[in-house]
Amino acid sequence: LLSGFPPPTFYSVYEVKGDCPLGLKCFKDFYSGVEYANQIGKPILIDFTGWACVNCRRMEENVWSKPTIYKILNEEYVLISLYVDDRKKLSDDQIFNFRYINGKVISVETVGEKWSAFQILNFKTASQPFYVTIGSDMTVLNSPIQYSNSFEFEKWLKEGLVNYSSL
């Protein structure tokens, strides 16, 4: 019941296997993940997440950890986890202004702000967790999904794989 409140287990002073949920291989940069997916010919699972996202941790620990779901994530998809609250500063040449639909303009100066703007521009939402399956050619494979139970999430992942195989 408390799994979503403490920091993720891989965010620890103790040595852990990787810096991705459950020891999965993941990319923290969209473009690197897409390049890798192209090389190996697998679909992509975009995971819009946050270090301080309680429901993200609950999904990882209570849904992603189910053996059948873990196997799909580990073997069938390239996982790209985009942390919308990552405070790492962008280099000066990557900083840009982002205009919201309501006209408000903000200066995007951190990695998290960049991925948040990316999510808003491409998927018209700013909530986490938010999951999208795409082909390496940027084709969206099925409707994005948010927090869900393991049955629904597994069904959704499999639907993405079927749609990918028919591209």
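Residues numbered from 1 in each chain as written. Predicted model: local features only at pLDDT ≥ 70, side-chain atom pairs only at ≥ 80, totals over all residues. Heavy atoms only, no water.

## A look at the pattern of salt bridges
1) Next: Counted according to the given criterion, the structure contains 3 salt bridges.
2) Next: Here Lys71 ties to Glu75 by a salt bridge, and the two come within 3.4 Å at their closest N and O atoms. Taken together, the residues span about one helical turn, with Lys71 and Glu75 both in helix α3 (residues 67–75) at a distance of 4 residues.
3) Next: For Lys71, a relative accessible area of 48% puts it in the partly exposed group. (Salt bridge = Lys/Arg side-chain N within 4 Å of Asp/Glu carboxyl O. Helix = DSSP H or I, 4+ residues; strand = E, 2+ residues; numbered from the N terminus. Buried < 20%, exposed > 50% of the residue type's maximum accessible area, 1.4 Å probe, protein only.)

## Concerning unusual backbone geometry
1) Next: Cis geometry is found at the peptide bond from Gln128 to Pro129, where omega equals -5°.
2) Next: Positionally, Pro129 belongs in the loop between α4 (111–123) and β6 (130–134).
3) Next: The phi dihedral of Leu22 falls on the positive side, at around 60°, and the residue is not glycine.
4) Next: If you trace the backbone, Leu22 turns up in the segment before β1 (26–27).
5) Next: The class for Leu22 is partly exposed, based on a relative accessible area of 33%.
6) Next: The backbone of Met138 shows a phi angle near 80°, a positive value even though the residue is not glycine.

## Structural notes on the nonpolar core
1) Next: Membership of the largest hydrophobic core comes to 23 residues, with the highest contact counts inside it found for Phe30, Ile44, Ile46, Phe48, Ile80 and Leu82.
2) Next: The set of elements that each furnish at least two residues to this core consists of α1 (30–40), β2 (44–49), β3 (78–83), α4 and β6.
3) Next: For this core, the element with the highest residue contribution is α4, accounting for 6 residues.
4) Next: For Ile80, the contacting residues outside a window of four places in its chain are Phe27, Asp29, Phe30, Gly33, Val34, Ile44, Leu45, Ile46 and Asp47.
5) Next: One finds Val63, Ile69, Leu73 and Phe153 within the second-largest nonpolar core, a separate group that totals 17 residues. (Core = buried A, V, L, I, M, F, W, Y, C linked by side-chain atoms within 4.5 Å. Contact = heavy atoms within 4.5 Å.)

## Topic: the confidence of the model for the chain
1) Next: For the chain, the average pLDDT comes to 90, and 89% of its residues sit at 70 or higher.
2) Next: Every residue in residues 1–5 scores below 50 in pLDDT, and together they form 8 contacts with partners more than four places removed in sequence or on other chains.
3) Next: Segment residues 8–16: pLDDT under 50, and 13 contacts once partners within four positions in sequence are set aside and those in other chains are kept. (pLDDT = per-residue confidence, 0-100.)

## Some words on the pairing of β3
Working note: regular strand, side chains alternate between the two faces of the sheet.
1) Next: Most of β3 is tucked away: 6 of the 6 residues are buried.
2) Next: Every second residue of β3 is oriented toward a common face, with Val78, Ile80 and Leu82 on one face and Leu79, Ser81 and Tyr83 on the other, all of them buried.
3) Next: With 2 bridges connecting them, β1 and β3 associate as parallel partners. Bridged to Cys26 within β3 is Leu79. (Pairing = 2+ DSSP bridges.)

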